Amino acid sequence: MKKLKNSLICFIVVLLVACGGTNKQEANAQGFGAIENILKSRFGDGAHYTDLTITYNETIGNIVGVTVTDAPESLKMGQWTYSLGNWNQTSEITLEIPEGTKAADFMFQLGDMVNLGQLGELVEKSKEQLTTEKGIENPSLHMAFIKMPKNGNREKMEYVVMLKPENGGTTFTFSYGLNGVLAHLN
């Protein structure tokens, strides 16, 4: 009986650790790199995205939202949310694109031009800048996302980092080019 009880406790601990997934990843290069690996594991290395957002909620942890497909030419995409260790498909959408264009031109792939590890580095950089320039101690991640222009111009894609003071208040938005250079701060 004692052996069964110990086995059950070990199983529960392993289950809790395994379900942590993206929820407990820190808002830094290593944490966002782990989220990228989880996305690739779920959707594959060849997945195409039009939207990828990481939102931090103090109670639940990270919530990852994506609009993704493995067949861009089909124009069919799924919207998925990951939180508390579970993937949920929230909807299916059909893209409309201008005649004579390819759907993939309006999408991005992880590891191609977009690197979530770099986005995590930019979150760290933004926190440091906010502390230094505005005197805000311990700013926290509100949201980080990839902004893909509606016209498909990949050169205008941006990493966007939104931070807020530890105790609430004004949200500060940092926009960076894919090269990591700050474009503007609001």
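One can find the structure itself at the top, above this paragraph.
**Quick look at the overall build of the protein chain**
Here comes step 1: Each helix and strand in the protein chain was counted, giving three helices and eight strands.
Here comes step 2: Helices (α) and strands (β) of the protein chain occur, in sequence order from the N terminus, as α-α-β-β-β-β-α-β-β-β-β.
Here comes step 3: Expressed as a percentage of the 186 residues in the protein chain, the buried residues total 40%.
Here comes step 4: Contacts spanning at least 24 positions in sequence make up 50% of the contacts within the protein chain whose residues lie at least 6 apart.
Here comes step 5: As displayed, the protein chain offers around 10700 Å² of accessible surface, 51% of which is attributable to carbon and sulfur atoms.

**So, a negative patch on the surface**
Here comes step 1: Side chains of Glu26, Glu121, Glu124 and Glu128 sit close together on the surface and give a patch of like negative charge.
Here comes step 2: You can see Glu121 is positioned in helix H3 (residues 116-134).
Here comes step 3: Under the relative-accessibility criterion, Glu121 is labelled partly exposed at 45%.

**Quick word on the side chain of Ser126**
Here comes step 1: Mapping Ser126 onto the fold places it in helix H3.
Here comes step 2: Once residues lying within four places of it in the same chain are set aside, the contact partners of Ser126 are Val161, Leu163, Phe174 and Tyr176.

**Let's talk about the environment of Thr101**
Here comes step 1: Tracing the backbone shows Thr101 in the loop between strand E4 (86-94) and H3.
Here comes step 2: On the basis of relative accessible area, Thr101 is assigned to the partly exposed category, the value being 32%.
Here comes step 3: Sequence-wise, Thr101 and Gly152 are 51 residues apart; in three dimensions their C-alpha atoms are separated by 9.6 Å.
Here comes step 4: Among the polar contacts made by the side chain of Thr101, one reaches the main-chain carbonyl oxygen of Pro98 at a distance of 2.5 Å.

**Brief notes about the sheet that holds strand E7 (residues 172-177)**
Here comes step 1: Strands sit in the order E4-E3-E2-E1-E5-E6-E7-E8 across an open sheet of eight strands; the sheet is antiparallel. What marks the edges here is a single partner per strand, and that holds for E4 and strand E8 (182-185). Sheet twist, expressed as the mean angle between neighbouring strand axes with direction ignored, is 15°.
Here comes step 2: With respect to the sheet, helix H2 (residues 29-43) is in contact with strand E1 (48-57), strand E2 (61-69), strand E3 (76-83), E4 and strand E5 (140-147), its orientation differing from that of E2 by roughly 40°.
Here comes step 3: Across the sheet, H3 is in contact with E1, E5, strand E6 (158-164), E7 and E8; its angle to E6 comes to roughly 45°.

**Observations regarding the pairing of E4**
Here comes step 1: Bridge count for E3 against E4 is eight bridges, and the pairing is antiparallel. Bridge pairing in E4 links Gln79 to Ser91.
Here comes step 2: Between E3 and E4, which pair antiparallel one after the other, the connecting turn spans two residues, and Leu84 there sits at a positive phi close to 50°.

**Let's talk about the packing of aromatic side chains**
Here comes step 1: In this structure the tally under the stated criterion is five aromatic pairs.
Here comes step 2: Their ring planes at 65° and their centres at 5.8 Å tell us that Phe43 and Trp80 sit as a pair that is edge-to-face. With a gap of 37 residues between them, Phe43 in helix H2 and Trp80 in strand E3 connect regions that are remote in the sequence.
Here comes step 3: Judged by relative accessible area, Phe43 falls into the buried class, the value being 15%.
Here comes step 4: Ring plane angle 10° and centroid distance 6.4 Å describe the contact between Phe174 and Tyr176, whose orientation is recorded as stacked.
Here comes step 5: On the accessibility criterion, Tyr176 (0% relative accessible area) is buried.
Here comes step 6: Through pairs of rings, three or more aromatic residues link up here, namely Phe43, Trp80, Tyr82 and Trp87.
Here comes step 7: Positioned over the ring face of Trp80 is Arg42, at 4.5 Å from the centre of the ring.

Cut-off values and rules
Residues numbered from 1 in each chain as written. Predicted model: local features only at pLDDT ≥ 70, side-chain atom pairs only at ≥ 80, totals over all residues. Heavy atoms only, no water. Helix = DSSP H or I, 4+ residues; strand = E, 2+ residues; numbered from the N terminus. Buried < 20%, exposed > 50% of the residue type's maximum accessible area, 1.4 Å probe, protein only. Contact = heavy atoms within 4.5 Å. Areas by Shrake-Rupley, 256 points an atom, 1.4 Å probe, with all protein chains shown as cover. Patch = residues over 30% accessible without salt bridge, like charges linked within 9 Å, V, L, I, M, F, W, Y side chains within 5 Å. Salt bridge = Lys/Arg side-chain N within 4 Å of Asp/Glu carboxyl O. Lys, Arg positive; Asp, Glu negative; His and termini not counted. Charge placed at Lys NZ, Arg CZ, Asp CG, Glu CD. Polar contact = N/O pair within 3.5 Å; in protein donor to acceptor, adjacent residues only side chain to side chain. Pairing = 2+ DSSP bridges. Axes fitted to C-alpha atoms, helices over the stretch in contact; angles between N-to-C directions. Phe/Tyr/Trp six-rings, centres within 6.5 Å; stacked < 30°, edge-to-face > 60°. Lys NZ or Arg CZ within 6 Å of the ring centre and 35° of its normal.

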